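Here is how the chains run, residue by residue.
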Amino acid sequence: MSESVSARRARLNAITELALARFRLFYREPGTMFWTFGFPLVLSIVLGIAFRNRDPEPVVVAVESSSAVTLARAERAREILAAADDVKVKVLPPEEANAELRTGKVSLVVVPTEGEAGYTYRFDPTRPESRLARSVTDDVLQRGEGRKDAYAPVAKIVTEPGSRYIDFLIPGLVGLGLMSTGLWGIGFSLAEMRTKKLIKRLTATPMRRSDFLLSFLLVRAVLLPIELAPLLVFSRIVFDVGVRGSVFTLALTALVGGLTFAVMGLFLACRAENPQIVSGLINVVSFPMYLCSGVFFSSSRFPDAVQPVIRYLPLTALNDALRGVMIDGASLADVAGKIGLCAVWGVVSFVLAVRLFKWR
Amino acid sequence: MHGAATEPLPEEGSATSELSIRCRGLQKTYDEEVVAVDGLDLEVRVGECFGLLGPNGAGKTTTVEILEGLLRPSGGTVEILGRRWETDERWLRERLGVSLQQTNLPDKLTVRETIKLFRSFFTEGRDVDKVIDLVALREKEHAKYDTLSGGQRQRLAVACALVGDPKLLFLDEPTTGLDPQSRRMLWDVVLAFKEQGGSVLLTTHYMDEAERLCDRVGVIDHGKMIALGTPKDLIDSLGGSQIVEVTLAASPADDDAKDALAASLADLPGVKASRFLTGRIVLTVEHLHLALPAVLGKLRERDLELANLSTHHATLEDVFVTLTGRALRE
């Protein structure tokens, strides 16, 4: 009886010591500290500034004057465009106009059409700012040349919290952070341990293998709130991004997401001999999610054909759940499906990781 | 031999329980062609320090890792402390101390934290402070692993092996690459462990280490045990206690001439054996004062000019050279 108590105490001691060791290795490595805490903050500041709400940028266009014949009409176009608030215009000779279009200094070149009235627009329709420039420029020039609008539209401008880009971005950054710290933090350190033959050394002791794996997850769970709190507090204070739903639901979502990616990190590193192999694997796995799972822009922008795939990615599910809770105030029941999907990824990865783990 | 693996084997009686390690016909083949261990028999008694000697690639580490339960043998039987890895892994792990060849412990953990971590894996074990003192790392107690010298790292590795209070200690090349002082400090740790009744299996390619620490040694080459005995027995088997090495200004060109020359020296008074080895004549000699003048006389008689001559007490190194015709660390 007393022996089983002491054995249980010894086991608890082992898990604690393993977790403590992981924790110490974490905070004694300045690099990991930055990537975990500093990077999400820096990213949110940079993106927050880049996408802050401000007066819409004017579109920049060039009017090309190639000959004396067209010079007068070019000058007229310049006058019409210069009068508009949302257009910045300059007159340039053809080569210069083309060079500026190529390098993105102007979004569109207006060329007076030879021999007839009207203008030719030269632009690259795959560039959003060029398409915008075409539409704005065309509007201004047509009106300047006497077109009558069918009606005057009423514009209502939306600026309230919840619908701004930063509101969309912060939950995405939370999801991204959970993914990268889980995959990199665990995958990398496991591979490093294996390279150093430390895993082999540990298996030469009576250490329970489950305790070893468990310690990684335990440390992730403890670090999660410490990682997320600064970003959430910061975005609340600086960008006024709040949490509409319950903090408990948010915490649970983050916990499931964080552990899912931690377990995926275990899985990706379960056989890798060195950190290089693991970084390759992590990049292969995380890059598609980085792009497609709605971190920086909505995943719905991708073609319908790939939507079913994107929808079942763990980061998509996590980001959707986080946005639901933070922006729309979704309840636990609302996001349960998404959390569950995340958890399925976690459980499958865990089973595979334990099955395939190379203890040498 | 199945079934009763947890009990001492009946036919061996109490003799078996006096063995820390007992393996028979040990075999390990990698990828079905590279034979690393080729039918090795080994017995290590309780309280004994046994040294496995051999050059790099002889199969020492493979053998040790099989005995440590880290590798599965391709064939043969292994009994550690009278038990088997297949049935009693936990029981064994609690009672073994292991120091692998070239382990890197976590860089950013201190000496104390590392030992404490390893202590936590064992249900019963030694006091962390006592182990720190035992390996003389008190001054470095709070230093991180990446700031330790090679000798300190190796002592920490041994501390991690000792903290579970093992009955049997495995040390795989514990002093390779260390300076003489660090080596002696580590030897003291091993001797202290032995004094308290612990058994040790160590591998090394340093013969002085084996002579200093080991009660018995086994010389292993190409996965086979080629000699076994106390260091003294093995050295005595050379037939003479002194080794004379002669380098000629010009060695005979072909092998037959070399053999003939070596043979002509072997018959001289006091000379027990003579052979050509990597450009030198190596003589095993009983009475230096008789042998040396005779050898010099013979060489002068044959008009052979000396480039160098040296003598030393016979060591295990010479045993290995005699057995294999190769130097240990070639």
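Just so it is clear, the model here is predicted, and its values are computed rather than measured.

Peer 1: Even after reading the chapter, I still don't get the overall build of chain A, so can you show me in this structure?
Peer 2: Along the backbone of chain A there are 13 helices and 4 strands. For chain A, the spread of C-alpha atoms along the three principal axes comes to 100 × 40 × 40 Å. Scored against the burial criterion, the 360 residues of chain A give a buried share of 39%. Restricting the contact set of chain A to residue pairs at least 6 apart, pairs at least 24 apart contribute 77%.

Peer 1: When you look at the interface of chain B and chain A in this model, what are you seeing that I'm missing?
Peer 2: The figure often quoted for interface size is the accessible area lost as the parts come together. The partner chain A presents 20 residues to the 23 residues of chain B that form the contact. Looking at the side of chain B that touches chain A, the elements that each hand over two or more residues are helix 3 (85–95) and helix 4 (111–120) of chain B. Among the elements that take part in the side of chain B that touches chain A, helix 4 of chain B stands out by supplying 5 residues, more than any other. A per-class count over the side of chain B that touches chain A returns 10 nonpolar, 6 polar and 7 charged.

Peer 1: Whenever I open this one, the domain arrangement of chain B confuses me. Can you help?
Peer 2: Domain annotation of chain B identifies domain 1 (4–235) and domain 2 (239–313). On a C-alpha basis, the centroid separation for the pair domain 1 of chain B and domain 2 of chain B is 40 Å.

Peer 1: Where do I start with the sheet that holds strand 2 (residues 34–45) of chain B in this structure?
Peer 2: The strands that make up a sheet pair up through hydrogen bonds in the backbone, lying either parallel or antiparallel. Residue and element names in this part refer to chain B. Taken in spatial order, the 3 strands of this open sheet run 2-1-4, and their pairing is antiparallel. Looking along the sheet, the strands with just one partner apiece sit at the ends: strand 2 and strand 4 (75–80). Averaged over neighbouring strand pairs, the angle between their axes works out to 15 degrees when direction is ignored. Bridging between strand 1 (residues 19–30) and strand 4 involves 5 bridges; their strand directions are antiparallel. If you follow glutamine 27 over to strand 4, its bridge partner there is glycine 75. Strands strand 1, strand 2 and strand 4 of the sheet are contacted by helix 2 (residues 60–67), whose axis makes an angle of about 120 degrees with strand 1.

Peer 1: Just checking my understanding: could you explain the packing of helix 9 (residues 247–268) of chain A against helix 13 (residues 332–356) of chain A for this structure?
Peer 2: Axes are the key here: two packed helices are described by the angle between their axes and the distance separating the axes. Residue and element names in this part refer to chain A. Where helix 9 contacts helix 13, the two axes come as close as 8 Å, and the packing angle between them is 20 degrees. By the angle class used here, helix 9 and helix 13 are roughly parallel. Like other packed secondary-structure pairs, helix 9 and helix 13 cross with a definite hand, here left-handed. Of the residues in helix 13, those in contact with Thr249, Leu252, Thr253, Val256, Gly257, Leu259, Thr260, Val263, Met264, Leu266 and Phe267 of helix 9 are Leu332, Val335, Ile339, Cys342, Ala343, Trp345, Gly346, Ser349, Phe350, Leu352 and Ala353. In terms of residue class, the contact of helix 9 with helix 13 is made up of 16 nonpolar, 6 polar and no charged.

Peer 1: Is there a simple way to explain the sheet that holds strand 10 (residues 242–248) of chain B in this structure?
Peer 2: All names here are of chain B. Strand order across the open sheet formed by 4 strands is 11-12-10-13, with antiparallel pairing between neighbours. Two strands close off the open sheet at either side, each with one partner strand: strand 11 (271–277) and strand 13 (306–313). Across the sheet, the axes of successive neighbouring strands diverge by a mean angle of 15 degrees, strand direction being ignored. Here strand 10 runs beside strand 13; their pairing, made up of 7 bridges, is antiparallel. Residue pairing for strand 13: valine 244 is matched across the bridge by threonine 311. Contacts between helix 10 (residues 255–266) and the sheet are confined to strand 11 and strand 12 (280–285), with strand 11 contributing the most and set at about 165 degrees to the helix. Running at roughly 15 degrees to strand 10, helix 11 (residues 288–301) makes contact with strand 10, strand 11, strand 12 and strand 13 of the sheet.

Criteria and thresholds
Residues numbered from 1 in each chain as written. Chains lettered and ligands numbered in written order. Predicted model: local features only at pLDDT ≥ 70, side-chain atom pairs only at ≥ 80, totals over all residues. Helix = DSSP H or I, 4+ residues; strand = E, 2+ residues; numbered from the N terminus. Buried ≥ 20, exposed ≤ 12 C-beta atoms within 10 Å, placed from the backbone. Contact = placed C-beta atoms within 7 Å. Nonpolar A, V, L, I, M, F, W, Y, C, P; charged D, E, K, R; others polar. Domains from an automatic or database assignment. Pairing = 2+ DSSP bridges. Axes fitted to C-alpha atoms, helices over the stretch in contact; angles between N-to-C directions. Parallel < 35°, antiparallel > 145°, perpendicular 65-115°, else oblique. Left-handed = near helix turned anticlockwise from the far one by under 90°.

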